[in-house]
Amino acid sequence: MNVFETVESEVRSYCRGWPVVFDRATGSWLHDEDGNAYLDFFAGAGALNYGHNNPVLKKAVIDYLQRDGVVHALDMQTVAKREFLETFTDVVMKPRNLDYKIMFPGPAGANAVEAALKLARKVTGRESIINFTNAFHGMTLGALSVTGNSMKRGGAGIPLVHATPMPYDNYLDGQVEDFLWFERLLDDPGSGLNEPAAVIVETVQGEGGINAARDEWLRGLADLCKRHDMLLIVDDVQMGCGRTGPFFSFESAGIVPDIVCLSKSIGAFGLPLAMTLLKPELDVWEPGEHNGTFRGISPAFVAASEAIRTYWADDKLEKSTLAKGEQIGRVMTELAEQHPGTPMHAKGRGLARGLAFESGDVAGKVCRAAFERGLLMETSGPDGEVAKAMPPLTITDDELAKGLDLLSDAVHAVCE
């Protein structure tokens, strides 16, 4: 692996926890170049909800390429884009009574967030954005300004301004009424809070530690935004596309955000694609006012269309995700009960689950022990204190059971 250490930047991270050279991947498995198999409880940080090299999606992409379909088209009109727009509208939006214009801002989740923040400021004429403690929205400067992690923010090299953090759900352990501080600042002309253009929120904070907001908290936030004329932006980059069960993570709360950010698994096959959904009345862009070279890579449109037709024409995947998520939650709860000497607790929703420890040291040891047993997991949270389980939504029952056995073995090895 010398070339990685001598040529590639020190900024690399995931590879440090998994020091092998991967070669092949199918479904819920990765294989290194020596033939060792690893069960994937990482799923490309949520970019591979349908697994690695999903055969249905792979066939659609290969067929498209073999007929010389357009690959790169900026924002030109193509058959692939038309098919995606029609499929997404008919299968995802209409059944949910959602009416959004679709913007393709660039290839990654940070692009979707940047476009959302920029649009909110353009629509309202205000500069300030409200974000939440332990939020993560991306690594570009605008997205970093609404991100909580101090290490990531420190990499910006300049002050990150025009954003104010507020307590996320249960940040104060239920000791303070929801939004008491936030609303007090909004109502008090002496608070010094600049009038916000928007509030940006993750319904489940993935990188922040698998913190799941209650539906009633999200409804309260949506109501607060409406009463104070603030736009509500939901960052569904990691938790959208079925990760929490429904296609959108905010569906169970019954709210309709003004703007929604999507990326990662919207590209379906691990291909880059990002979308910013906006209510029609917010579509005040001038032509070309926000653009970029890679605003819709056609093979990603093709894979995304096929994934939506295959997995979202009914509720089978949603029900399966919820059931498998409950199974992970039960096992994690049992592990916590079996090790009272090592405080830990289960958290999360759908197939975004976490086992939270008192320190990042313990969580890191658990993830290393899992890797040694052939299971890929990462840590999350401000101190890396949560061992995070995010397998592909298409994982089989047998694979899930095997992965939970490996996780249990890892926890026992570290905590006994």
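Everything here concerns the structure above.
We now turn to the structure provided with this report.

Rules behind the numbers
- Residues numbered from 1 in each chain as written.
- Predicted model: local features only at pLDDT ≥ 70, side-chain atom pairs only at ≥ 80, totals over all residues.
- Heavy atoms only, no water.
- Helix = DSSP H or I, 4+ residues; strand = E, 2+ residues; numbered from the N terminus.
- Rg over C-alpha atoms; globule rule 2.2 N^0.38 Å.
- Buried < 20%, exposed > 50% of the residue type's maximum accessible area, 1.4 Å probe, protein only.
- Contact = heavy atoms within 4.5 Å.
- Lys, Arg positive; Asp, Glu negative; His and termini not counted.
- Charge placed at Lys NZ, Arg CZ, Asp CG, Glu CD.
- Pairing = 2+ DSSP bridges.
- Axes fitted to C-alpha atoms, helices over the stretch in contact; angles between N-to-C directions.
- Phe/Tyr/Trp six-rings, centres within 6.5 Å; stacked < 30°, edge-to-face > 60°.
- Polar contact = N/O pair within 3.5 Å; in protein donor to acceptor, adjacent residues only side chain to side chain.
- Core = buried A, V, L, I, M, F, W, Y, C linked by side-chain atoms within 4.5 Å.
- Parallel < 35°, antiparallel > 145°, perpendicular 65-115°, else oblique.
- Left-handed = near helix turned anticlockwise from the far one by under 90°.
- Nonpolar A, V, L, I, M, F, W, Y, C, P; charged D, E, K, R; others polar.
- Salt bridge = Lys/Arg side-chain N within 4 Å of Asp/Glu carboxyl O.
- Disulfide = S-S within 2.5 Å.
- Arc of directions from axis to C-beta.

What about the overall build of the chain?
Of regular secondary structure, the chain possesses 14 helices and 17 strands. Its C-alpha radius of gyration of 21 Å places the chain within 12% of the 22 Å reference for a compact globule of 416 residues. Buried residues in the chain amount to 53% of all 416 residues. Taking all contacts inside the chain whose residues are at least 6 apart in sequence as the whole, residues at least 24 apart take part in 73%. Taken together, the 39 basic and 58 acidic charged side chains of the chain have centroids lying 3 Å from each other.

Looking at the sheet that holds strand 4 (residues 101-103)
One open sheet holds the seven strands; their spatial order is 4-12-11-10-7-5-6, and the pairing between them is mixed. Edge positions in the sheet fall to strand 4 and strand 6 (163-166), since each of these pairs with one other strand and no more. In this sheet, adjacent strand axes meet at a mean angle of 20° when their direction is disregarded. Relative to strand 12 (residues 275-278), strand 11 (residues 259-262) is paired through four bridges, and the arrangement is antiparallel. Directly across from cysteine 261, in strand 12, lies its bridge partner threonine 276. The strands touched by helix 9 (residues 180-187) within the sheet are strand 5 (128-132), strand 6 and strand 7 (196-201), with strand 6 carrying the most contacts at an inclination of about 140°.

A look at the pairing of strand 7
The two faces of the sheet receive side chains in turn, since in a regular strand these alternate between them. Across the six residues that make up strand 7, a large majority, six, are buried. Judged from the three bridges that link them, strand 5 and strand 7 form a sheet pairing that is parallel. Considered in strand 7, the bridge of isoleucine 129 is made with alanine 198.

Observations concerning the packing of aromatic side chains
Per the stated rule, a full pass over the model turns up 18 aromatic pairs. Their ring planes at 20° and their centres at 5.0 Å tell us that tyrosine 50 and tyrosine 311 sit as a pair that is stacked. Of this pair, tyrosine 50 sits in the loop between helix 3 (43-46) and helix 4 (55-66) while tyrosine 311 sits in helix 11 (residues 298-311), and the two are 261 residues apart along the sequence. As far as the burial class goes, tyrosine 50 and tyrosine 311 line up, both buried. Considering the side-chain rings of phenylalanine 104 and phenylalanine 301, the 5.0 Å spacing of their centres and the 75° angle between planes classify their relative orientation as edge-to-face. With a gap of 197 residues between them, phenylalanine 104 in the loop between strand 4 and helix 6 (109-124) and phenylalanine 301 in helix 11 connect regions that are remote in the sequence.

Observations concerning the side chain of aspartate 215
Here aspartate 215 is to be found in helix 10 (residues 215-227). Engagement of the side chain of aspartate 215 in a polar contact is seen with the side chain of serine 252, the distance being 3.0 Å. Non-local contacts of aspartate 215, meaning those with residues more than four positions away in its chain, are made with Ser252 and Ala253.

Describing the sheet that holds strand 3 (residues 37-40)
With mixed pairing, the four strands of this open sheet are ordered in space as 1-2-3-15. Bordering the open sheet on either side are strand 1 (22-26) and strand 15 (375-376), each of which pairs with just one other strand.

A look at the nonpolar core
Core analysis: the biggest nonpolar cluster contains 89 residues, and Phe88, Phe182, Leu221 and Phe248 have the highest contact counts within it. If we skip the residues at most four places from it in the chain, phenylalanine 182 touches Ile130, Met166, Val199, Leu221, Leu224 and Met230. In this structure, Met103, Ala115, Val146 and Ile259 belong to the second largest nonpolar core, which totals 23 residues.

Quick look at the packing of helix 12 (residues 316-338) against helix 14 (residues 397-415)
Across the interface, helix 12 lies against helix 14 with an axial gap of 11 Å and an inter-helix angle of 20°. Regarding the angle of helix 12 to helix 14, the classification is roughly parallel. Considering how the two elements wind past one another, helix 12 and helix 14 form a crossing that is right-handed. Taken together, the residues of helix 14 that come into contact with helix 12 (itself represented by Lys324, Gln327, Ile328, Val331, Met332, Leu335 and Gln338) are Asp397, Leu400, Leu404, Leu407, Ser408, Val411 and His412. A per-class count over the contact of helix 12 with helix 14 returns eight nonpolar, four polar and two charged.

Section: the pattern of salt bridges
As enumerated under the stated definition, the model contains 22 salt bridges in all. Linking arginine 227 and aspartate 223 is a salt bridge whose minimum nitrogen-to-oxygen distance equals 2.8 Å. Separated by four residues within a single helix, arginine 227 and aspartate 223 lie in helix 10, roughly one turn from each other. The exposure class of aspartate 223 is partly exposed, given its relative accessible area of 39%.

Remarks on the packing of helix 9 against helix 10
Helix-helix packing: each pair is described by the crossing angle between the helix axes and the interaxial distance. Axis separation between helix 9 and helix 10 bottoms out at 12 Å; the angle between their running directions is 0°. With respect to helix 10, the axis of helix 9 lies roughly parallel. Taken together, the residues of helix 10 that come into contact with helix 9 (itself represented by Phe182, Glu183 and Leu186) are Leu221, Leu224 and Arg227. Here the residues of the contact of helix 9 with helix 10 sort into four nonpolar, no polar and two charged.

Observations concerning the state of the cysteines
Counted according to the given criterion, the structure contains zero disulfides. Of all cysteine sulfurs in the structure, the one in cysteine 415 sits closest to cysteine 367, which takes part in no disulfide; the separation is 12 Å.

Considerations on helix 9
Of all the positions in helix 9, only Phe182, Leu185 and Leu186 are classed as buried. Seen end-on, helix 9 carries its buried residues on one side only, within an arc spanning 100°. Those residues of helix 9 that are exposed and aimed more than 90 degrees away from the buried face are Trp181 and Arg184.

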